[in-house]
Amino acid sequence: ENNASENNETKTLKIDGSSTVYLISEAVAEDYKGVNSDLQITIGTSGTGGGFKKFINGEIDICNASRPIKTSEADECKKNGIQFHELPIAYDGLAVVVNPKNTWADKLTVTELKTLWESAAQGKITKWSQVRKGFPDKEIKLFGPGTDSGTFDYFCEAVNGGKENHRGDYTSSENDNQLVQGVASDEGSIGYFGLAYYEANKDQLKLVPIDDGDNSNGAGAVVPTLETVQNGTYAPLSRALFIYVNDAVYQKPEVKEFLNYYIKNVPALAGEVGYIPLPGAIYTMVSQRMQNGVMGTLYTNGEEVGTKLEDLMKQSP
């Protein structure tokens, strides 16, 4: 039997989706090259929603996602005969940042964030003095992710209390580095994005502690750190990050090998690029899910706010 032609065939893996998760998948893919250079991996950043559109159409193999798949997206997959595996890979604390010259926003409550960002604020809340008594009469410049972003979706849900409830008069980009530059260049600015982009640009940004007003955890105003994200006190802006794998691709030995490598090495690599590794017990469950070939999503209608990943995984087959 002649397998020569098969051996010469370039094996490729197409990944796209979240710009938040991009940093993690890129770090894993980069390291994997040293182990196995036969697999050609390309990674795009169309945002979680944009990635899922391609995933649904079978244009990509893996979708990086900074929120769970929505029911509507899962239904589209089903319609197109695409079955998928959902693998949680890390935690992220959404960083709320201001310009370093901002001396007044020592902390913000979730209610104040909503005042700033909800749809009703559009064209109305334009000065810091409207957010809290005693804040200066300074023009607010808002920077945030675009509507195709999973970070945008999660923020709407967690802070503004509803899908797509978000003002439209802000500077949006699917490129988080542009958001960093925006906040860094204007004294009255505020923005939000994944923790890694803050970590990489600490000298140009100021992290704002967030108070969720929930006295049960007694934490007051909290900044995202390994500890506060892992133990859930950084609420409600802590979330899980995922990769979704098309089952047809998942069955290929070279992809299985890459995914095993991914889950084994992601705890260290996620930390290196500025995210929070999941607790060891959860990675064990993720590996088990992979081995058992469990398909579908842990989430009902993509609702992540108010759920605990570990609990969902324990209840799952």
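What counts, and at which threshold
- Residues numbered from 1 in each chain as written.
- Predicted model: local features only at pLDDT ≥ 70, side-chain atom pairs only at ≥ 80, totals over all residues.
- Heavy atoms only, no water.
- Salt bridge = Lys/Arg side-chain N within 4 Å of Asp/Glu carboxyl O.
- Helix = DSSP H or I, 4+ residues; strand = E, 2+ residues; numbered from the N terminus.
- Buried < 20%, exposed > 50% of the residue type's maximum accessible area, 1.4 Å probe, protein only.
- 1 Å grid on protein atoms, 1.4 Å probe; cavity = no way out; pocket = protein on both sides within 12 Å on 5 of 7 lines; lining within 4 Å.
- Points joined across faces, edges and corners; volume = space filled by probe spheres on them.
- Nonpolar A, V, L, I, M, F, W, Y, C, P; charged D, E, K, R; others polar.
- Pairing = 2+ DSSP bridges.
- Axes fitted to C-alpha atoms, helices over the stretch in contact; angles between N-to-C directions.
- Parallel < 35°, antiparallel > 145°, perpendicular 65-115°, else oblique.
- Left-handed = near helix turned anticlockwise from the far one by under 90°.
- Contact = heavy atoms within 4.5 Å.
- Phe/Tyr/Trp six-rings, centres within 6.5 Å; stacked < 30°, edge-to-face > 60°.
- Polar contact = N/O pair within 3.5 Å; in protein donor to acceptor, adjacent residues only side chain to side chain.

## Brief notes about the pattern of salt bridges
So, step 1. Under the definition given, this model contains 18 salt bridges.
So, step 2. The salt bridge partner of Lys-138 is Glu-187, with a shortest N-O separation of 3.7 Å. You can see Lys-138 sitting in the loop between α5 (110-117) and β6 (141-145) and its partner Glu-187 sitting in the loop between α7 (176-184) and β8 (189-194), a full 49 residues away along the chain.
So, step 3. Overall, the relative accessible area of 29% leaves Lys-138 in the partly exposed class.
So, step 4. With a closest N to O distance of 3.5 Å, Asp-186 and Lys-141 form a salt bridge. One end of the pair, Asp-186, is in the loop between α7 and β8; the other, Lys-141, is in strand β6, and 45 residues separate them in sequence.
So, step 5. The structure contains a network of salt bridges with shared partners spanning Arg-67, Lys-70, Glu-73 and Asp-153.

## Details of empty space enclosed by the protein
So, step 1. Taken as a whole and assessed by the stated rule, the structure comprises 1 cavity of 30 Å³ or more.
So, step 2. Its boundaries defined by the atoms lining it, the largest cavity holds a volume of some 170 Å³.
So, step 3. As for the largest cavity, its lining consists of 14 residues, and the residues nearest its centre are Arg-67, Asp-153, Glu-157, Lys-163 and Gly-302.
So, step 4. Of the residues that constitute the lining of the largest cavity, the class distribution is 4 nonpolar, 2 polar and 8 charged.

## Focus: the sheet that holds strand β11 (residues 221-222)
So, step 1. Across the sheet, 3 strands lie side by side as β5-β10-β11; this open sheet has mixed pairing. Because the sheet does not close on itself, it has two edges, and the strands there are β5 (108-109) and β11.
So, step 2. Here strand β10 (residues 210-211) pairs with β11 via 2 bridges, running antiparallel. Looking across to β11, one finds that Ile-210 is bridged to Val-222.

## Section: the packing of helix α3 (residues 47-56) against helix α4 (residues 71-79)
Describing two packed helices takes the angle between their axes plus the distance from one axis to the other.
So, step 1. It is at 9 Å that the axes of α3 and α4 come closest, and there the two elements cross at 20°. Regarding the angle of α3 to α4, the classification is roughly parallel. Note that α3 runs across α4; the crossing there is left-handed. Only Glu-73, Glu-76 and Cys-77 of α4 make contact with α3, whose side of the interface consists of Gly-49, Phe-52, Phe-55 and Ile-56.

## Focus on the packing of aromatic side chains
So, step 1. Under the criterion given, the structure shown has 14 aromatic pairs.
So, step 2. Judged by centre distance (6.4 Å) and plane angle (75°), the rings of Phe-52 and Phe-55 are edge-to-face. One end of the pair, Phe-52, and the other, Phe-55, are both in helix α3, 3 residues apart, so they sit about a helical turn from each other.
So, step 3. On the accessibility criterion, Phe-52 (0% relative accessible area) is buried.
So, step 4. Measuring from ring centre to ring centre gives 5.9 Å for Phe-258 and Tyr-262, while their planes differ by 90°; the resulting arrangement is edge-to-face. In this pair, Phe-258 and Tyr-262 both sit in helix α11 (residues 253-272), 4 residues apart, roughly one turn of the helix. Just as Phe-258 is buried, Tyr-262 falls in that class too.

## Re the pairing of β8
So, step 1. Counted residue by residue, β8 has 6 buried out of 6 residues, so it is predominantly covered.
So, step 2. Relative to β8, strand β4 (residues 84-98) runs antiparallel, the two being bridged by 5 bridges. Bridging from a neighbouring strand, Val-97 pairs with Gly-191 of β8.
So, step 3. Here β6 pairs with β8 via 3 bridges, running parallel. For Leu-142, the partnering residue across the bridge sits in β8 and is Ile-190.

## Considerations on the side chain of Ser-189
So, step 1. Relative to the assigned elements, Ser-189 resides in strand β8.
So, step 2. For Ser-189, a relative accessible area of 0% translates into the label buried.
So, step 3. Reaching out from Ser-189, the side chain makes a polar contact with the backbone oxygen of Val-183 at a distance of 2.9 Å.
So, step 4. Polar side-chain contacts of Ser-189 include one of 2.6 Å to the backbone oxygen of Asp-186.

No statement about biological role is implied by the geometric values presented.
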